[in-house]
Amino acid sequence: MSATLRIPTVLRPAVGGQATLEVEGATIGEVLKNVTAQYPSVTGQLLAEDGSLHRFLNVYVNDDDVRYIGGVDAPVKDDDEITLLPAVAGGCH
Amino acid sequence: MLILTREQRDSLIATCIRALPNEGCGLLLGTPDGVVSDVVASSNVAESTRVYEIDPKVLLRTFRRADEEGVDVLGVFHSHTHSPAYPSPTDVAQAPDPSWHYVLTSFLSIEPDLRSYRIVDGVISEEDVVIRGDTSEVSSR
């Protein structure tokens, strides 16, 4: 499957400055593993050591947050648009 | 420097007041020179008095809107309900983008305290906040 992956500004230096990548994979987990293999600098920023999604990364397939459609097992189809955005969070302590 | 109108400042503070007793939060759209074009309210999906997280749906929608409107997501704002308007260790550790403006408002006093910071490599630096009024400009820091 070939899809488009939109890269957030903070991760672009790790992928040669590109804003989008054409990616392969039948699931989000496969796509992110393939990207990590191609760009080792993103290791640890997309997937946790146990293969789950990084805690502070939001991943969307088209309009859907993948946490609600299977997480790393969320299916990816041809021409899907996958968007990565860092979680925006904090607190008072 | 962060530049916003009085209405935008009021909208930001109102978003945080509506979230009480929890922390309130949202995003800022604007141009790279720090001029805010819009204040985007988010629910705090953490639903907490001590932590916040921007609703992931609002996050996606706001980034797409920025692309469509040719502006940037300039930064994020949130409230501290019981502590000063200064980034906490959690805020610093989770700051997602060194180019962003991090706006904090505190409800420790009756008049909300609104301040803005840059956070780069864990180093916090406060910046001027300019409120564009109809007849005068007010800078606070």
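Definitions and limits used
Residues numbered from 1 in each chain as written. Chains lettered and ligands numbered in written order. Predicted model: local features only at pLDDT ≥ 70, side-chain atom pairs only at ≥ 80, totals over all residues. Heavy atoms only, no water. Phe/Tyr/Trp six-rings, centres within 6.5 Å; stacked < 30°, edge-to-face > 60°. Helix = DSSP H or I, 4+ residues; strand = E, 2+ residues; numbered from the N terminus. Buried < 20%, exposed > 50% of the residue type's maximum accessible area, 1.4 Å probe, protein only. Pairing = 2+ DSSP bridges. Axes fitted to C-alpha atoms, helices over the stretch in contact; angles between N-to-C directions. Contact = heavy atoms within 4.5 Å.

Residue and element names in this part refer to chain B. Enumeration according to the criterion identifies three aromatic pairs over all chains in this entry. Consider the rings of Tyr86 and Tyr117, whose centres lie 5.4 Å apart with planes at 85 degrees: the pair is edge-to-face. In this pair, Tyr86 is assigned in the loop between strand S5 (72-80) and helix H3 (89-93) and Tyr117 in strand S7 (residues 113-120), connecting sequence segments 31 residues apart. Classification of Tyr86 by relative accessible area gives partly exposed; the value is 45%.

If you trace the backbone, Arg6 of chain B turns up in helix H1 (residues 6-19). Taking C-alpha positions, Arg6 of chain B is 27 Å from Val51 of chain B, a pair spaced 45 residues apart along the chain.

Another aspect to go through is the pairing of strand S3 (residues 36-42) of chain B. All names here are of chain B. Bridge count for strand S2 (residues 25-30) against S3 is six bridges, and the pairing is antiparallel. Residue Leu27 lies in a different strand from S3, and its bridge partner there is Val40. Counted along the chain from S2 to the antiparallel partner S3, the turn is five residues long, and its residue Gly34 has a positive phi close to 90 degrees.

This part covers the sheet that holds strand S8 (residues 123-127) of chain B. All names here are of chain B. Pairing is mixed in the open sheet, where six strands are placed in the order S3-S2-S5-S6-S7-S8. Either end of the sheet is taken by a strand with one partner, and the two such strands are S3 and S8. For this sheet the average axis-to-axis angle between neighbouring strands, irrespective of direction, equals 30 degrees. Two elements, S5 and strand S6 (residues 101-106), share six bridges in a ladder whose sense is parallel. Across the sheet, the residue bridging to His78 is Leu104, located in S6. Contacting S2, S3, S5, S6 and S7, H1 crosses the sheet at an angle of about 10 degrees to S3.

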